Amino acid sequence: MNRGEGRRIACSCDFRNFLRGNHRPDPVLWGRLRLVSHGYMGDTSRYAPETADGPDSRRSSWPGWRGRTREWELVADLLRAARAGRGGVLLVEGQPGVGKTRLLDMAAAAATEAGLEVARGVADELTQLIPLAPLTSALGEAGFALSTARDIPGPADQRLLLLEDLQEPLERRVAQGPMLITLDDVQWADPMTLLAVRSLTRDLASSPLAWMLARTSGSGDAPRLDRLFRLLEREGATRIRLDPLDGGAVAEVVADVLGAAPEPDVLALAEIADANPFLLVDLLEKLKSEGGIQVSDGRARMVSTRLPRAQAVTRARLDELSAPTRHLLQVAGVLGRSFSVKDLAEMLGESTGDLLPMLEEATSAGIIKSAGYELAFRHDLLWEAVTGTLPTAVRRALHHEAGEMLLKRGGSAVPAAAHLIRSASRGDAWALLGLDQAAREVLRSSPQTAADLAKRALELTDPADPDWVGRAATAVDALTAMGRLSEAADLVRPALSRASPRLAHRLRCALAYILLLSGRPADAVGEAESLLSEQDLSDDLRGVAEWTVFWGLISLNDLTNGQRRAEAVLADRDRHSDAAVAGALLMLSRFAMVDGRVADSFAHLNEALRIANSGTVEAIQRPYARLLLSLNYRCLCQFDAADMAIQTAQEDIKTLGVTVLAAQPALFRARVKLAVGRFDDAVAEAQAAMMIADDMGTQGFIRVGLSILAYIDVRQGHIDAAVGHIERYLSQPGAPGMLFGSAWERWVEAVVAEARGDLEGAMDILRPTYTDKEKQRWTLITVPLGAAWMTRLALATGHRPYAETIVDTAEHLAGNNPDYPVFAAAAAHARGLLRQDPAALDCAAANHPQPWERASAAEDLGVLLAATTGASARKQAVDRLDQALDGYQRVGALRDAARVRARLRALGVRRRHWVQPQRPAFGWDSLTDTERAVAGLIARGMTNRQAAARMFLSPHTVSTHLRRIFAKLDIASRVELACIVAEKCPALLRDS
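Residues numbered from 1 in each chain as written. Predicted model: local features only at pLDDT ≥ 70, side-chain atom pairs only at ≥ 80, totals over all residues. Heavy atoms only, no water.

This paragraph deals with the overall build of the chain. Looking only at helices and strands, the chain features 50 helices and 11 strands. Of the contacts formed within the chain by residues at least 6 apart in sequence, a portion of 68% connects residues at least 24 apart. (Helix = DSSP H or I, 4+ residues; strand = E, 2+ residues; numbered from the N terminus. Contact = heavy atoms within 4.5 Å.)

This is how it looks when you write it as structure tokens:
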């Protein structure tokens, strides 16, 4: 089925013809889209179109909105698409006064008229310390039970909860109808807002949700915003750069304002205003009101040859005001682009009534305007002109007064901190206490903001000040939560020399954990052991340090030392905290698993889980036991149980605020999907994990995702891509022990080397595993196909003793665990290769619980039989190779399938590339089983998160599947998807 046929399978929903372009949009929408194209200033209603079939917006320009036809068409396309059920993102940028806000205003007006719900937010330089301020103001805080007050012990990172609190209700709202969200001045947006925009635009891409984000070029946090805009563009967003008006548009603007055709001397004003619409109109209106322009016979010409600077005209607006009004505006400007009348009155020491004459004068002069419950400067350029009249010292003093005023009121210190961070001087105790309070307030919800506040407070603190260390500790917590581990470690060390013993202990405990996260387990163990030697160490910190030692030893695979310590802790439990006992049990669980005692490993894990759920274990330690449990289940091919454990771990990570592990559930799911032969799902989960790690700042955790993608690329024959993933993997900062994946990663490196033909290179990578029994056991447990693969590699490179030790280890694991057939099948496969035993290979091909491994055993058996003389052996060889070919093709292992077809050709047998008909590229039949299941749940009205929970996937993965489904079906909305599901597979709409 081709792409056009894929479109025709969609149901006959009313909006399909509009989407396809077979009909014009309805007159109300089309008329309004053109109507609002008419203004850059003033009320758009005065530019009503003549008819719905009036001027074509692609060829015309309108009074009040000149030279922006192309830009408006992009907006119109966005709104039409949203009404048709498809989301999208427009990124608007340009210099002040070029028309960004006006474009958002018109888009909002058009969207409202067309029946879209509209939510509008604006960021401000003085509110950028308030997490999610622009989004919550746009969406309405009452509609979101934000998680900032949830009772979670310790410095829990609540970003995952906050994102969920935003996404769930927003997804339900959009399910009721299309929506436009505009965010203006995003150069001042707080880090949490940028993270939320990144997450929401991606996860709700399949919903009729349109976004418009506007920024002023060169202002605010440019690097962070540049990165966001690049990511959004990569995912399909359109960028609009509003440049100065061209000559034709300038002439039209001048004619609009003056009501006459401009002479060349009037057009010269454009150069003075840099062709900036706001400055140009401001200049024209000023000159017109003062008689500087003469209009006669339909022509406009200058009366004076002396032309003022455009900025001087803006300043002249202020000079014409009375002195009290100018002073009022200067104080108001310090309060922000928008401001509370109450705050203004308090700053001036006046009653609100006393301010009325001055406010009326400023409003009449076009300087300020009403903005809901507040007042606001009519334009950024006016605000900047007002604040620019204040000497720096005066401006700082006013900010300081504003900060003190807000602090004295009580409540949150964050609004005050926005002023204090601009005004505090070194050693300013009052200001520093305010910054401390604000940093603690936002630590859970926006660690980036907390780090910025704490680091600024440190800069203003005398090194001898005893409060310096406490501020450093806050910054360390924030930097650790964000994954900026090297910065956190660098800050701990100078703090240790100044800290009190108790605070020093806490900082050293934090340093040990930072080292663990940084992939430096040996240093982490050393730091924690040194801390444990302190006699006055508190019980809670001692427990955390002991837990860190155990996890560091697990990461180092130092199981002998770990077992000894763990048994000592459990022998005297009363003297140790729950955290220490839980760590000891995790250590013994790992040791038992490596020793081949699977039942004992599960027993230790279950006891650790009981303690973690009911004891006083630190929140950051609790998800580890659940993740280890899921790992055990996967290794034993108990995939449903593994999925359940991963799901529970994901909930723990979110609710306990252990954001540093946020990517782990998707990584663990990717390995499960890989084990069951669902390569597409494994890729989706690995990519989701990498996006989460990137979003949350835990860059080091990207490496396991890259190793999974590299392995799948090898299986599918994309060797160059696999090499690229490994090269990127090697360049990433690593924490393999934290990811439970060091054995897997090392093995994948070897697989890629072997695929490139570098067998000796693969052997060099795995030599430590061949020669270390503990590493060998752990590798064969966590990589069930590793036994056969490593046996084959050792034989191919002439290292038969290595092959023999692998087989011995595999048989040891099988003998110790007769209740778990995966070990017996893996051992049989390795033994069959080593001893050329067809019965052992036949056993593996029939009984291995993983599909790729069954196919691999069948291939090895076919190769062995093909080397045997006789017609019967040849027929059996062909049968086994056909079995392998079918198995490889079913899981999408195209490289392996190609190798088997070559073996069959050598036996005189030719097979098609697919034993089963190849799945088409487009249309309903092109969907994978997982994609059909996702389509069914979404068609039943579930949100992404609800569908993810039902299918044991991450919400990011569901979003990825939806994008693929939409592309394959060539549709744009969930409504269309529901129609197709109802037509093609109505059984999916019934609850199972």
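Now that the structure has been shown, the text picks up again.
Now for the sheet that holds strand S7 (residues 293–296). An order of S6-S8-S7 is seen for the three strands of this open sheet, with the pairing classed as mixed. Every interior strand has two partners, whereas the edge strands, strand S6 (261–262) and S7, have only one. By the bridge criterion, four bridges tie S7 to strand S8 (residues 299–302) in an arrangement that is antiparallel. Bridging from a neighbouring strand, Gln294 pairs with Arg301 of S8. (Pairing = 2+ DSSP bridges.)

The next subject is the confidence of the model for the chain. The pLDDT averaged across the chain works out to 84; a share of 88% of its residues lies at or above 70. Every residue in residues 1–60 scores below 50 in pLDDT, and together they form 134 contacts with partners more than four places removed in sequence or on other chains. This model gives residues 142–154 a pLDDT under 50, and the stretch forms 31 contacts once residues within four places in sequence are excluded. (pLDDT = per-residue confidence, 0-100.)

Moving on: the pattern of salt bridges. Pairs may arise between side chains of opposite charge once their charged atoms sit close together. Summed over the entire model, instances satisfying the criterion amount to 61 salt bridges. For Arg172, the salt bridge is made with Glu168, and the minimal N-O distance between the two is 3.5 Å. One end of the pair, Arg172, and the other, Glu168, are both in helix H7 (residues 159–175), four residues apart, so they sit about a helical turn from each other. We classify Arg172 as partly exposed; its relative accessible area is 44%. For Glu168, a relative accessible area of 13% translates into the label buried. Among the salt bridges present, the one from Arg767 reaches Asp764, with a minimum N-O distance of 2.8 Å. (Salt bridge = Lys/Arg side-chain N within 4 Å of Asp/Glu carboxyl O. Buried < 20%, exposed > 50% of the residue type's maximum accessible area, 1.4 Å probe, protein only.)

Quick look at the sheet that holds strand S4 (residues 209–216) now. Where strands meet in a sheet, backbone hydrogen bonds hold them as pairs that are either parallel or antiparallel. If you walk across this open sheet you meet the five strands as S2-S3-S4-S1-S5, and the pairing is parallel. Looking along the sheet, the strands with just one partner apiece sit at the ends: strand S2 (117–122) and strand S5 (238–242). The sheet shows a mean angle of 15° between the axes of neighbouring strands, taken without regard to direction. Helix H9 (residues 222–234) contacts strand S1 (88–94), S4 and S5 of the sheet and is inclined by roughly 145° relative to S4. (Axes fitted to C-alpha atoms, helices over the stretch in contact; angles between N-to-C directions.)

Moving on: the packing of helix H35 (residues 702–716) against helix H37 (residues 742–755). Packing of H35 against H37 brings their axes to within 10 Å, and their N-to-C directions diverge by 35°. Considering how the two elements wind past one another, H35 and H37 form a crossing that is left-handed. Residues Arg703, Val704, Ser707, Ile708, Ala710, Tyr711, Val714 and Arg715 of H35 lie in contact with H37, whose contacting residues are Trp744, Glu745, Trp747, Val748, Val751, Val752 and Ala755. Class assignment for the residues of the contact of H35 with H37 results in 11 nonpolar, one polar and three charged. (Left-handed = near helix turned anticlockwise from the far one by under 90°. Nonpolar A, V, L, I, M, F, W, Y, C, P; charged D, E, K, R; others polar.)

Right, let's get into helix H50 (residues 974–984). Along an α-helix, residues three or four positions apart point the same way, because every turn accommodates 3.6 residues. Those residues of H50 not exposed but buried are Arg974, Glu976, Leu977, Ile980 and Val981. Down the axis of H50, the buried side of the element spans an arc of 150°, and every buried residue falls inside it. (Arc of directions from axis to C-beta.)

The next subject is the environment of Thr930. Looking at the secondary structure, you find Thr930 in helix H47 (residues 929–939). The exposure class assigned to Thr930 is buried, which follows from its relative accessible area of 6%. Distance from Thr930 to His961, taken between C-alpha atoms, is 8.2 Å for residues 31 residues apart in sequence. Excluding anything up to four places from it in sequence, Thr930 contacts Arg678, Asp681, Met951, Leu953 and His961.

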